[in-house]
Amino acid sequence: MIARFLSRRLALCLLCHGPAGNEAGICRACAAELPVLGSACPRCALPLPTAAACPGCLRRPPAIGAARCAWHYAYPVAQLIRRFKHDGDLAAGHSLGLLAARQLRPVEPLPDLLVPVPLHWRRRWQRGFNQAELVAEALGRAWQLPVGRRVMCRIRAGASQQALDRRQRLANLRDSFSVRGKVQGLRIGLVDDVITTGATLDAAAAALLDSGALSISAYALARTP
C-alpha cells in the first residue's frame, strides 16, 4: 500500500508539480536548482569558502572523522525536510534520500555499516518513524551497504534541541546514547537528516567509539550555516 502511494505521489514533481520523469519524484530542472553544498569543513561539513577545517573543529576536534552533506539547509530542501520530518510526508523523504545517495560519495575506505541516529522511543512513537533511519536505508540501497537499525538506542529524551547552541546541545545530549549492537573494529557511517551544530552526531559517535568502533564518518541530507 505504501509503495503504491509513493508511486502515485512521485509521478509528479514534488516541487513544480509537473511530470517527474524519474523514480526520485523531482524533475531534472528542479533537481538542478537544489542548493548543493560545495566547499565545507571535512570534519563537520560546515559551509566554508574553501574545503579546510573550520575553527571549531581545529579548537575541539569532533569524534567524527569526516562528515558529508548533500545540500545547504535552504529553500527548497529545508521545506521538503520539514514536510518529511514534521508532516510525515514519506514521498519527500524518499526523494531526498534517493537524490542524496547520488549526490554524496561515501568516505573511503567505505563504512562497514550505516547506523541511523536513533530517536528516543517516545519521540518515535509520536512521529511514527525515525527520519534518519529512512535516509540511511536509501543510502544503504544505493551504496550497497548494510544498515544497523538496532545498533544504537537513545536512552534519554532530553529537551528540544532547536533553540540550543552547541554547548547547550552537548550538555543536553550527555549520556543519551547506548550501543546495543557489535561495533568492535568496524568503520561506522552515522546518518541523520540535518547537521545543525554537529552535537548530536558527536555524542552518538563518542558512544560508538567507546564501544570499540574503529572510525566514524557522518552523512546527512543538509547542513545549516
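Check the entry above for the structure.
Reading guide: rules and limits
Residues numbered from 1 in each chain as written. Predicted model: local features only at pLDDT ≥ 70, side-chain atom pairs only at ≥ 80, totals over all residues. Heavy atoms only, no water. Helix = DSSP H or I, 4+ residues; strand = E, 2+ residues; numbered from the N terminus. Buried < 20%, exposed > 50% of the residue type's maximum accessible area, 1.4 Å probe, protein only. Contact = heavy atoms within 4.5 Å. Areas by Shrake-Rupley, 256 points an atom, 1.4 Å probe, with all protein chains shown as cover. Polar contact = N/O pair within 3.5 Å; in protein donor to acceptor, adjacent residues only side chain to side chain. Phe/Tyr/Trp six-rings, centres within 6.5 Å; stacked < 30°, edge-to-face > 60°. Core = buried A, V, L, I, M, F, W, Y, C linked by side-chain atoms within 4.5 Å. Pairing = 2+ DSSP bridges. Axes fitted to C-alpha atoms, helices over the stretch in contact; angles between N-to-C directions. Parallel < 35°, antiparallel > 145°, perpendicular 65-115°, else oblique. Left-handed = near helix turned anticlockwise from the far one by under 90°. Nonpolar A, V, L, I, M, F, W, Y, C, P; charged D, E, K, R; others polar. Expected span 1.5 Å × (residues − 1).

In this section: the overall build of the protein. When its secondary structure is counted, the protein shows nine helices and six strands. Residue burial in the protein is summarised as follows: out of 225 residues, 50% are buried. Taking the contacts inside the protein whose residues are at least 6 apart along the sequence as the reference set, 70% of them involve residues at least 24 apart. Split by element, the accessible area of the protein, about 11400 Å² in all, is 54% carbon and sulfur.

By the element assignment, Asn130 lies in the loop between helix H6 (121–127) and helix H7 (131–143). A distance of 3.1 Å separates a polar atom in the side chain of Asn130 from the backbone oxygen of Val117. Not counting the four nearest positions on each side in its chain, Asn130 is found in contact with Pro116, Val117, Pro118, Leu119 and Arg124.

Further remarks concern the packing of aromatic side chains. Counted by the stated rule, this structure contains two aromatic pairs. Ring centres 5.3 Å apart and planes at 70° place the aromatic pair Trp143 and Tyr219 in the edge-to-face group. One end of the pair, Trp143, is in helix H7; the other, Tyr219, is in strand S6 (residues 215–223), and 76 residues separate them in sequence. Judged by its relative accessible area of 0%, Tyr219 falls in the buried class.

This part covers the nonpolar core. Of all hydrophobic cores here, the largest spans 36 residues; its most connected members are Ile26, Trp71, Ile81, Leu114, Leu139, Trp143 and Leu221. Broken down by secondary-structure element, the contributors of at least two residues to this core are strand S1 (66–72), helix H4 (77–87), helix H5 (90–103), H7, strand S5 (187–195) and S6. When residues no more than four places from it in sequence are discounted, the contact partners of Ile81 are Tyr73, His86, Leu96, Asp193, Val194, Leu221 and Ala222. Ala40, Val115, Leu201 and Ala205 belong to the second-largest nonpolar core, a separate cluster that totals 27 residues.

Spatially, S1-S6-S5-S2 is the arrangement adopted by the four strands of the open sheet, whose pairing is parallel. Looking at strand neighbours, the two that pair on one side only are S1 and strand S2 (113–116), the edges of this open sheet. Each strand of the sheet is rotated relative to its neighbour by a mean of 20°, with strand direction disregarded.

Running from amino to carboxyl end, H4 crosses H5 at an angle of 130°, the nearest separation of the two axes being 7 Å. Between H4 and H5, the crossing angle belongs to the class labelled oblique. The way H4 lies across H5 gives a crossing that is left-handed. Facing H4, whose interface residues are Leu80, Ile81 and Phe84, H5 presents Leu90, Ala92, Gly93 and Leu96. Partitioned by chemical class, the residues of the contact of H4 with H5 number six nonpolar, one polar and no charged.

For the rest of this paragraph, the subject is H7. Residues three or four positions apart in an α-helix share a direction because the helix packs 3.6 residues into each turn. The terminal C-alpha atoms of H7, which comprises 13 residues, lie 18 Å apart, in line with the 18 Å expected from a rise of 1.5 Å per residue. Counted residue by residue, H7 has ten buried out of 13 residues, so it is predominantly covered. Of all the positions in H7, only Gln131, Ala132, Glu133, Val135, Ala136, Glu137, Ala138, Leu139, Gly140 and Trp143 are classed as buried. With a side-chain oxygen lying 3.1 Å from the backbone nitrogen of Ala132, the N-terminal cap of H7 falls on Asn130.

A word on the environment of His17. Among the structural elements, His17 can be located in the loop between helix H1 (2–10) and helix H2 (28–32). Given a relative accessible area of 58%, His17 falls into the exposed group. For the pair His17 and Cys27, spaced ten residues apart in the sequence, the C-alpha separation amounts to 8.9 Å.

With twelve residues, helix H9 (residues 199–210) extends 16 Å from end C-alpha to end C-alpha; this agrees with the ideal 16 Å at 1.5 Å per step. Most of H9 is tucked away: nine of the twelve residues are buried. Of the residues making up H9, those classed as buried are Ala199, Thr200, Leu201, Asp202, Ala203, Ala204, Ala205, Ala207 and Leu208. Downstream of H9 by a residue or two, Gly212 has a phi angle that is positive, lying close to 105°.

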